[in-house]
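Notes for the structure review
Next come the chains, spelled out residue by residue.
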Amino acid sequence: MKTSYARWMVAMVCSMTLSSAVIAEEQASDPWQGFNRAMFSFNEGLDTYALKPITKGYQVVMPDLGERGVNNFFSNLGDVSNTFNNLLQGKVDDALMSLARLGFNTTFGLAGLIDVATPMGIEKKSEDFGQTLGTWGVASGPYLVLPFFGPSTVRDGLGRIPDAMIDPVMQVDDAGARNALYTLRVIDTRSQLMKVEKLISGDKYTFIRDAYLQKRAYDITDGAENYDSSNF
Amino acid sequence: MKKSIIALAVAGAMTAPMVAQADATLYGSFRIGVTAVKDADADVSDLSSRVGIKGDVDLGLEDTKGLFHWEANINTADSDTYGQMFGKRLGYAGAKGDWGMAAIGRQYHPHYLLINAPLGIFNPGSGSYGERFFLGNSNHKRVDNTLTYASPNLSGFQFFVAAVVDGSGDDADEDLDGHNVAAKYSVNGLTLAASIATTEADSGDESDVWGVSVKYKINALEMMARYEDREDDSLSFDGMTLADADQDVWEAGVRYTVGTTSFYGRFSDYELSSDLVDGDLQQWGIGVQHKMGHGMVFLEHVNNDSEDVLATDRTVAGYRVDF
């Protein structure tokens, strides 16, 4: 009896220690959780009542081939940012390959509607300015949910500014055409997320936050974060 | 011997059985693209497609083989853009052995091969990018009536001589209408070359050209440069005939290769002085090409700083298939 009580006590202490460690880590990465949860709710409402229904309509109306073309088109524009950010991170080869993708997809791929570069063997090397800052050693700062834009961090949120400045859509002179492209891109992005949102379980806010932070850490190191050759 | 020898064998069986018995290779390169030239509509253009047959034959001699080489234009677009269908490119016969190689017929002069060709990193022929920037092209690129000799490689050193013997049916001129002496030295990825050549027209007007080139390859990076100087007693230029024309060109190029994708660029400066016209032109180009087995796609742009009729701004999206 005495032994069993002792075991229960040890289990309790371990459990409390572990959970307090998790809470401490969560507070460190997400100190603005109150604000973030409010923004998250706002974005969820916006998504539930506007974006998601529009996206579902878009998926019904647009043939699959057309959806793919739209996605390829915006993905191709993204190679402008990939070129600059790979270069800023010192990845000259990846910058050149992003430029080659942009050139071949814009011409042979009919303005980017067809991704010819990937089957040709020129892989996409996605990078944004938030990742560039991360590569330069800038800490992510607290987790931040941005209105309309969703999960981010202070660093990644600031990184959106230079990325927006070199965004080809921003260079479109005609305001109507420019806004139409922005809207179409948002719908395209949301339609891509339709496939993965079914995986979300438990507290949606926590799930998305943890997934976002882990994905960013992985992307910044190109998947090499947890590798330490001295362990082997 | 390539699989295409089957095609040759079939052709040989029908026409000349001896060809099929030769160690011959049928080869070709189809190069077609959409070109956008400044102030002109986009156009599907042939980009110097060609087909050829080349090979060796046994002469019954020890260490010496006979050789032959024929090559012609294949015009894949309309006839006025780049040459005629089966327009002549090369046609020569020769012999090679431990002593080097000698050839007679229509062929490249050493000047072109050593000074101009190292900078030929763009896919479309140099004609598309301004013949004017290649001073050796007009008299030393695929020339009729030519005899050449190339020495064997002597510890990296090799020398070349060429002569043009173009009789005009009477005995009014010199037998020798042109000559070219050249040499190159290659060591550890570095190649240096020099060439000097003279051509004499029936009128007695002389055209002298000399040039030097350097090429260096270190891992994925290749760098190349050339300088050419040419003096003509009489030179046709934009519909005019210039006297005592002195032209010089320098050019630098670079190519960087990642896997099967290459990125390249070049800059060239041209100067002319003569009795009527002086000129100074600059030209730069950038390109990317991606190989896929025996195929290739490429994008190239060349920019000129002047409204030169022979060198306009030009962008090309091209596709090339070799066999």
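Notes on the structure in this doc start here. (Residues numbered from 1 in each chain as written. Chains lettered and ligands numbered in written order. Predicted model: local features only at pLDDT ≥ 70, side-chain atom pairs only at ≥ 80, totals over all residues. Heavy atoms only, no water.)

As for the overall build of chain B
Along its length, chain B carries 4 helices and 17 strands. The burial tally for chain B puts 46% of its 323 residues in the buried class. Split by element, the accessible area of chain B, about 15700 Å² in all, is 58% carbon and sulfur. (Helix = DSSP H or I, 4+ residues; strand = E, 2+ residues; numbered from the N terminus. Buried < 20%, exposed > 50% of the residue type's maximum accessible area, 1.4 Å probe, protein only. Areas by Shrake-Rupley, 256 points an atom, 1.4 Å probe, with all protein chains shown as cover.)

Observations regarding the nonpolar core
If you look at the biggest cluster of nonpolar residues, it comprises 14 residues, and the most contacted ones within it are F237, L242, Y270 and L272 of chain B. At the level of elements, strand 12 (221-237), strand 13 (240-258) and strand 14 (261-273) of chain B are the ones that each hand at least two residues to this core. No other element matches the 3 residues that strand 13 of chain B contributes to this core. Look past the residues within four positions of L272 of chain B in its chain and what remains in contact with it is L235, F237, L242, A245, D246, Q247, V277, D278 and G279 of chain B. Counting 13 residues, the second-largest nonpolar core is a separate cluster that includes V116, A117 and M120 of chain A together with V258 of chain B. (Core = buried A, V, L, I, M, F, W, Y, C linked by side-chain atoms within 4.5 Å. Contact = heavy atoms within 4.5 Å.)

A look at helix 9 (residues 204-220) of chain A
Residues and elements named next belong to chain A. Between its first and last C-alpha, helix 9 extends 24 Å over 17 residues, near the 24 Å set by a 1.5 Å rise per residue. Taken together, the buried positions of helix 9 are occupied by Y205, T206, R209, Y212, R216, D219 and I220. Residue D222 follows helix 9 closely and has a positive phi angle near 50°. (Expected span 1.5 Å × (residues − 1).)

Digging into the pattern of salt bridges
All names here are of chain A. The full count for this structure, using the stated rule, is 28 salt bridges over all chains. Between R101 and D115 there is a salt bridge whose closest N-O contact spans 3.5 Å. Linking R101 in helix 4 (residues 92-107) with D115 in the loop between helix 4 and helix 5 (117-120), this pair joins segments that are 14 residues apart in sequence. The exposure class assigned to D115 is partly exposed, which follows from its relative accessible area of 23%. (Salt bridge = Lys/Arg side-chain N within 4 Å of Asp/Glu carboxyl O.)

Brief notes about the environment of R155 of chain A
All names here are of chain A. With respect to the secondary-structure elements, R155 resides in helix 7 (residues 154-165). According to the relative accessible area criterion, R155 is buried, its value standing at 8%. Between the C-alpha atoms of R155 and L133, which are 22 residues apart in sequence, the distance is 7.3 Å. Every residue in contact with R155, bar those within four places of it in the chain, is listed here: G130, L133, G134, V138, A139, S140 and I220. Side chain to side chain, R155 and D156 meet in a polar contact 3.1 Å long. (Polar contact = N/O pair within 3.5 Å; in protein donor to acceptor, adjacent residues only side chain to side chain.)

Functional significance is not addressed by these values, which are geometric in nature.
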